[in-house]
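Geometric and topological summary
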Amino acid sequence: MLRKLLIASLLALVGGVLTPAQTSVPIISGGLSFVSTTNAGVTFFPPILSPLVTVPIGDKWLIESRGTLDEFVFRENGTSGPYHALTFTSVDYLQLDYVASSRMTISVGRYLTPFGIYNERLGPEWIKNIEDPPLIYGIGTRASGSSDGAMVRGVAVARSRWELNYTAYFSALSTANKFEAGRAAGGRAGIFLPGTRLEFGASYQRYLQDTHLNAAGLHFAWQPFRVPVDIKAEYAHSPSGHGYWLETAYRFSKYHGPTSAIGRLQAVGRVQDFERTSPGVNDALPGVDTQRMDIGLNYYLPRNVRLNASYGRQFSSAGNSNIWNFAISYRFLFPIFPGRAK
């Protein structure tokens, strides 16, 4: 079933590209980054390329896909010896979207699992404020962060002062290479207040493969108008454990504008905690109770280039460690071929 779905998506892609009446332009975007990470004295270098392709087909259809190429460079015994490299590739999503109405979009194929807000909104290299994902990232998303099946999302209620957004999905079991996914169903709902740019909501997932498990989470996001600060937080619970993360980023854009030397600087801080309540197998979570604090700086250069540096201190019964991250990333965007924009 999954293979037929992907073939249908690719056929729609070809048909959309060849449609003479098409008035939108397919684009390719994404990011290229080079990261240096030192964890507990061991340094490794993962260059990452994440291309993203979107192909609109008329007014109602859209094909979008993102892949990741990760080259993991490390030394043979951690701190000395010859360098080695391992290459990892993945298909993060490959989905066909249909805009059923102004309040509903239906997607089929491979998509990012909509649990919480980090996986969908904050995960890409050119967006994340701190290189490492939160400790609780594996709750509701597993290791890949992707699902194969169908998803519906949109806005259920829209008022001038508030709106209710929703997402519901079902994922099928897949063992196909690059398209691995577990059988699960779930959803997310949130309330957004445009006047204050405040959002809060909840997520739920029922994992239906092997042992059936429930996962639940809460999320919070706030970007006030008067202060250039970005506050985001999540709490998640599963049978394996529970925890939270809270992240704050402050852009110094009030000092001579966002393009001034000081206005391009952003300070970031994150605190997080995870408590392991039962052993888990391949749940992408820390094996023991873990706490971590991070501080960092982002500097936004012209032409979509960003410098990032952060320091983290991790505490756990498995041992305390320091984590240093340095990264340079570049965000690109261009049309796949010339076209006539709407």
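These figures come from a predicted structure and were not determined experimentally.

**Structural notes on the confidence of the model for the protein**
For the protein, the mean per-residue pLDDT works out to 90, and 92% of the residues sit at or above 70. A low-confidence stretch, residues 1-22 stays under pLDDT 50, and its non-local contacts, those more than four residues away or across chains, total 21 contacts.

**A short note on the pairing of strand 2 (residues 42-45)**
In this sheet, strand 2 lies alongside strand 1 (residues 27-39) in antiparallel orientation, the contact comprising 3 bridges. For Thr38, the partnering residue across the bridge sits in strand 2 and is Thr43. Between the antiparallel neighbours strand 1 and strand 2 lie 2 residues, among them Ala40 with a positive phi of about 55°. Two strands pair when backbone bridges link them, and strand 2 and strand 4 (residues 61-75) are joined in this way by 2 bridges, in the antiparallel orientation. What sits directly across from Phe45, in strand 4, is Val73.

**Looking at the packing of aromatic side chains**
Counted under the stated rule, the structure contains 13 aromatic pairs. Relative to Phe252, the ring of Tyr250 has its centre 5.1 Å away and its plane inclined at 85°; by these criteria the two rings are edge-to-face. Residue Tyr250 is classed as partly exposed on the basis of its relative accessible area, which comes to 23%. Look at Tyr311 and Trp324: their rings are 4.6 Å apart centre to centre, the planes differ by 45°, and that puts the pair in the tilted class. You can see Tyr311 sitting in strand 16 (residues 305-316) and its partner Trp324 sitting in strand 17 (residues 321-335), a full 13 residues away along the chain.

Reading the values: the criteria
Residues numbered from 1 in each chain as written. Predicted model: local features only at pLDDT ≥ 70, side-chain atom pairs only at ≥ 80, totals over all residues. Heavy atoms only, no water. pLDDT = per-residue confidence, 0-100. Contact = heavy atoms within 4.5 Å. Pairing = 2+ DSSP bridges. Helix = DSSP H or I, 4+ residues; strand = E, 2+ residues; numbered from the N terminus. Phe/Tyr/Trp six-rings, centres within 6.5 Å; stacked < 30°, edge-to-face > 60°. Buried < 20%, exposed > 50% of the residue type's maximum accessible area, 1.4 Å probe, protein only.

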